[in-house]
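An overview of the molecular structure
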Amino acid sequence: MAELLGLRGVSKVYTRGLTHSHPTVALREISLTLKEDEPTILTVAGESGSGKTTLAMLLLGFISPTMGEILYKGRNITTLTGPERLAYRREVQAVFQDPFAVFNPFYTVDHLLSVPIKRFKLASTRAEARARMEEALNAVGLRPEDVLGRFPHQLSGGQRQRINVARALLLKPRLLIADEPVSMVDASLRATILETLRNLQRDYGVSIIYITHDLTTAYHIAKSIIVLYRGGVMEAGDVDRVIKSPQHPYTQLLVDSIPWPNLEQRWGEQSIMARESTAPPPGACPFMPRCPKAMPICASRPPLFQINPHQAAACYLHERQPQLVAEKLSELLPA
Ligand code: SF4
């Protein structure tokens, strides 16, 4: 089956100063595949500093990997030129955290939506451009007559974020990178925006990489999840299994900090360790300084162990399970 997106051992290392000393590994050997014919929603979860925003920047082509390659429809995105680069720019779209930042307060919604139409020559007449705008707004659950002709300050945060999604949808993307798209939106509007994203995947065949620190929204929107910590994959698999039965101590801490509405459940017990973040010894499990279950063997970095057909964790607590080579990670992730 044809591949839409392929990451092959992608790492990103930042260095400082003229001597490139103090390298910081922002992302470590990530391999991942999304298939062209199976649009899906994949969550990439983690705290700040986990590497998830670096991953978004890499996927959008804003920065280049230090090692490995990112393939889009089989082509390395760093070597795309001309029409292929333009097609990539059109087909891979982003929705960012802040629905206010992308709006110029002096322009109406019509102007915001007309820019990509002109840039990518999506319509040959004004009537056709208007029809495209209305189609995209309807697709995200907005009534064109409620938002066209209005200025950003006349809209709610939820409307603005849905206009961002409509703007991306105008370009008929194949892949949407949604980086914390609901974290700055009122809680009452989050469900609407998540539902909008889910409709894009189901009705328009758009694959979505949903980047978040919030496992609750991940649970509601995604089918599969990758949990990152200090740039590496800690756990991955079916979102239902990973959140209901986390197998890595880091995922357990993340799940433990979710305030489930269950008075019987004792959550937050490990929050003191969850707040501390010390650099691990070189070559050790990255979670070792915070891990309540650390053992001597954890002084070497664990590989991924496959716990069941849809779940793997990089932790020696599972060393009796078969090792999973990173290239096979996507086979665990349901479409
Ligand atoms: Fe904790 Fe060791 Fe597992 Fe790392 S490998 S998460 S330190 S038990």
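Computed from a predicted structure; not experimentally measured.

**Here's the deal with the domain arrangement of the chain**
Split by domain assignment, the chain resolves into domain 1 (3-222) and domain 2 (246-335). Distance between the C-alpha centres of domain 1 and domain 2: 28 Å. On the side of domain 2, 14 residues touch domain 1, which itself brings 11 residues to the contact. Buried area between domain 1 and domain 2, summed over both chains or domains, comes out near 1,100 Å², and the portion from carbon and sulfur atoms is 59%. Broken down residue by residue, the surface that domain 1 buries against domain 2 is led by Ser31, Glu47 and Leu215, which jointly contribute 45%.

**Some points on the pairing of strand E10 (residues 232-238)**
Here E10 lies mainly inside the structure; seven of its seven residues are buried. Relative to E10, strand E9 (residues 224-229) runs antiparallel, the two sharing six bridges. Paired with Leu228 across the bridge in E10 is Val233. The hairpin formed by E9 and E10 contains two residues between the paired strands, and Arg230 there has a positive phi angle of roughly 50°. Bridge analysis of E10 against strand E12 (residues 311-313) gives three bridges, and the strand direction is antiparallel. Of the residues in E12, the one forming a bridge with Ala236 is Ala312.

**Things to note about the sheet that holds strand E8 (residues 207-212)**
Here we have nine strands laid out as an open sheet, ordered E6-E7-E8-E3-E9-E10-E12-E11-E13, and mixed in their pairing. Each edge of the sheet is formed by a strand with only one pairing partner; in this case those strands are strand E6 (92-95) and strand E13 (323-324). Of the strand pairs in this sheet, strand E7 (residues 175-179) and E8 are connected by five bridges, and their pairing is parallel. Among the inter-strand pairings, Ile177 is bridged to a residue of E8, identified as Ile209. Relative to the sheet, helix H7 (residues 187-204) contacts strand E3 (41-45), E7 and E8, its axis offset from that of E8 by approximately 150°.

Conventions used here
- All residue numbers refer to positions counted from 1 along the written sequence of the respective chain.
- Given that this is a predicted model, residues contribute local features only at a pLDDT of at least 70 and side-chain atom pairs are listed and counted only at 80 or more, while totals for whole chains, interfaces and linings are drawn from all residues.
- As a convention, hydrogens and water are excluded, and side-chain values are obtained from all of the structure's heavy atoms.
- An automatic or database domain assignment is the source of the domain bounds shown.
- Whether two residues are in contact is decided by their heavy atoms: any pair within 4.5 Å suffices.
- When two components associate, each loses some accessible surface as probed by a 1.4 Å sphere; the sum of these losses over both components is called the buried area.
- The buried label goes to any residue with under 20% of its type's maximum accessible area, the exposed label to any with over 50%, and the partly exposed label to all in between, with areas taken from a 1.4 Å probe on protein chains only.
- The helix and strand labels rest on DSSP assignments: H or I over at least four residues marks a helix, E over at least two residues marks a strand, and numbering proceeds from the N terminus.
- We treat two strands as partners when DSSP finds at least two bridges between them.
- A fitted line through C-alpha atoms serves as each axis, taken over the contacting stretch for helices, and the angle formed by two N-to-C directions is quoted from 0 to 180°.

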